[in-house]
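Structure assessment
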Amino acid sequence: MNSPTAHHRAFDEHSRLQSKPQTLDDIYGEPENFLEIEVRNPQNHGVARKMFTDYEIVCRTNIPAFKLKNSSVRRRYSDFEWFRDVLERETSRVNIPPLPGKVFTNRFTDEVIEQRREGLERFLQIVAGHPLLQTGSKVLAAFIQDPSFSKDYYHY
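Attention in this report is confined to the structure presented alongside it. Please read these numbers as outputs of a predicted model, since none were measured by experiment.

Regarding helix α3 (residues 77–90)
Since the α-helix packs 3.6 residues into each turn, any two residues three or four apart lie on the same face. The terminal C-alpha atoms of α3 lie 20 Å apart, and with 14 residues this matches the ideal 20 Å at 1.5 Å per residue to within 8%. Within the sequence span of α3, burial applies to Y77, D79, F80, W82, F83, R84, V86 and L87. Among the structural elements, β2 (52–61), β3 (70–76), α4 (110–128), α5 (131–136) and α6 (140–145) are those in contact with the buried residues of α3.

So, in structure tokens, the structure goes:
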């Protein structure tokens, strides 16, 4: 009769996964699912009380929920406010993170614009990376990728 130790040793020898050597493409190639979102290049528009800042959203991905592998669009803070509001109404199962706060004074200084840019980028990375929002949101991919995106098209 085989001893338990001999049985375990035989099992270990036969059950190890056969691993193939990694290729350079395996090591350095594109990951199976990746999503890179960057908010950058803030630009001020208008004058006096009509002045606003918009931001470039750059997206690189191979996740099927997004129609384009590479995209670049511009959005202003009020667009983000609308987008966040829609996400909250679309699902009660996902906790939508806050946007960076409204700024009422000195909002066009480089420091304030940079803080807001960082906060908007963090917000987008969280919501765009959430699997339930990727598959369940009607506005997520369009907001991030569609240059002709319009809030008027979505009746919320």
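Remarks on the packing of aromatic side chains
Any two aromatic rings considered together are summarised by their centre-to-centre distance and by the angle between their planes. Scanning the model with the defined rule gives six aromatic pairs in all. Between F80 and F143 the ring centres are 5.2 Å apart and the planes differ by 80°, which places this aromatic pair in the edge-to-face class. Linking F80 in helix α3 with F143 in helix α6, this pair joins segments that are 63 residues apart in sequence. Overall, F80 belongs to the buried group, its relative accessible area being 0%. Seen from their ring centres, F83 and F123 are 6.2 Å apart, and the 90° between their planes marks the pair as edge-to-face. Of the two residues, F83 sits in helix α3 while F123 sits in helix α4, which places them 40 residues apart along the sequence. F83 gets classed as buried once you look at its relative accessible area, which sits at 0%. An aromatic cluster is defined as three or more aromatic residues linked by ring pairs; in this entry it consists of F80, W82, F83, F123, F143 and F149.

Here we look at the pattern of salt bridges
Under the definition given, this model contains ten salt bridges. The salt bridge involving R40 is made with E38; its shortest N-O contact spans 3.7 Å. Taking relative accessible area as the criterion, R40 reaches 35% and is therefore assigned partly exposed. By relative accessible area, E38 is classed as partly exposed at 35%. Across the pair R84 and E88 runs a salt bridge, and its minimum N-O distance is 3.2 Å. One end of the pair is R84 and the other is E88, both in helix α3 and four residues apart, which spans about a single turn. On the accessibility criterion, E88 (39% relative accessible area) is partly exposed.

The rules behind each value
Residues numbered from 1 in each chain as written. Predicted model: local features only at pLDDT ≥ 70, side-chain atom pairs only at ≥ 80, totals over all residues. Heavy atoms only, no water. Helix = DSSP H or I, 4+ residues; strand = E, 2+ residues; numbered from the N terminus. Expected span 1.5 Å × (residues − 1). Buried < 20%, exposed > 50% of the residue type's maximum accessible area, 1.4 Å probe, protein only. Contact = heavy atoms within 4.5 Å. Phe/Tyr/Trp six-rings, centres within 6.5 Å; stacked < 30°, edge-to-face > 60°. Salt bridge = Lys/Arg side-chain N within 4 Å of Asp/Glu carboxyl O.

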